[in-house]
Amino acid sequence: QVQLVESGGGLVQPGGSLRLSCAASGSIISINAMGWYRQAPGKQRELVALIHKGGSTAYANSVKGRFTISRDNAQNTVYLQMNSLKPEDTAVYYCRAGREFYAMDYWGKGTLVTVSS
């Protein structure tokens, strides 16, 4: 089993920045793919960004150029740097991890990001 714990959410003004962290523990040797998803009120959960242990990344079009995903393999942690935040970025952000991008079986409990003036 793998446990994922997110942190770093909060309230930020439009145009501001936040950095989310997700620490993995447990059977982490099996984890090659990690990523962030989000779910806004009344909407379905959606992909934000993915990163593989080998370094490849992928982003949703809505966050390209504003968000950056990175990982520290030694610390088993994935980060999401979010810049130029917009009100529509308001959501609960979830960390997800797994053996590969097509087999990401583990979810964190989420951290709330609110973008509002």
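What counts, and where the lines are drawn
Residues numbered from 1 in each chain as written. Predicted model: local features only at pLDDT ≥ 70, side-chain atom pairs only at ≥ 80, totals over all residues. Heavy atoms only, no water. Phe/Tyr/Trp six-rings, centres within 6.5 Å; stacked < 30°, edge-to-face > 60°. Helix = DSSP H or I, 4+ residues; strand = E, 2+ residues; numbered from the N terminus. Buried < 20%, exposed > 50% of the residue type's maximum accessible area, 1.4 Å probe, protein only. Core = buried A, V, L, I, M, F, W, Y, C linked by side-chain atoms within 4.5 Å. Pairing = 2+ DSSP bridges. Salt bridge = Lys/Arg side-chain N within 4 Å of Asp/Glu carboxyl O. Axes fitted to C-alpha atoms, helices over the stretch in contact; angles between N-to-C directions.

I'd like a rundown of the packing of aromatic side chains, residues and numbers included.
Within the structure shown, the criterion is met by 2 aromatic pairs. Ring geometry for Y94 against W107: centres 6.3 Å apart, planes inclined by 85 degrees, an arrangement best described as edge-to-face. One end of the pair, Y94, is in strand β9 (residues 91-98); the other, W107, is in strand β10 (residues 106-107), and 13 residues separate them in sequence. The exposure class assigned to Y94 is buried, which follows from its relative accessible area of 13%. By relative accessible area, which is 33% here, W107 ends up partly exposed. Here the aromatic residues Y37, Y94 and W107 are joined through ring pairs into a cluster of three or more.

Which residues make up the nonpolar core, and what values do they have?
Formed by 28 residues in total, the largest nonpolar core has its most connected members in M34, W36, L80, M82 and Y93. Contributions of two or more residues to this core are made by β1 (2-7), β3 (18-26), β4 (33-39), β5 (46-52), β7 (67-72), β8 (77-82), β9 and β11 (111-115).

Kindly report on the pairing of β5, identifying the contributing residues and their values.
Here β5 lies mainly inside the structure; 5 of its 7 residues are buried. Of the pairings in the sheet, the one linking β4 to β5 comprises 6 bridges and is antiparallel in character. Considered in β5, the bridge of G35 is made with L50. Linking β4 back to β5 in an antiparallel pair, the connection comprises 6 residues, with G42 at a positive phi of about 75 degrees. The pairing of β5 with strand β6 (residues 57-59) spans 3 bridges and is classified as antiparallel. Across the sheet, L50 pairs through a bridge with A58, a residue of β6. The turn linking β5 back onto β6 is made up of 4 residues, and G55 within it adopts a positive phi angle of 115 degrees.

Could you give an account of the pattern of salt bridges, naming the residues involved and the relevant values?
Here the idea is simple: oppositely charged side chains can pair when their charged atoms come close. Inspection of every chain in the model, using the stated rule, returns 3 salt bridges. Between R38 and D89 there is a salt bridge, with its nearest N and O atoms 2.9 Å apart. On the criterion of sequence distance, the pair formed by R38 in strand β4 and D89 in the loop between β8 and β9 is long-range, its members being 51 residues apart. The partner of R66 in a salt bridge is D89, with the nearest N and O atoms 2.7 Å apart. With R66 in the loop between β6 and β7 and D89 in the loop between β8 and β9, the pair connects residues that are 23 residues apart, well separated along the chain. Take R66 and D89: they sit in the same class, and that class is buried.

With reference to specific residues and values, describe the sheet that holds β3.
Strands sit in the order β1-β3-β8-β7 across an open sheet of 4 strands; the sheet is antiparallel. Both edges of this open sheet fall to β1 and β7, since each of them pairs with a single strand only. For this sheet, the mean angle separating the axes of adjacent strands, direction not counted, is 15 degrees. By the bridge criterion, 6 bridges tie β7 to β8 in an arrangement that is antiparallel. Among the inter-strand pairings, I69 is bridged to a residue of β8, identified as L80.

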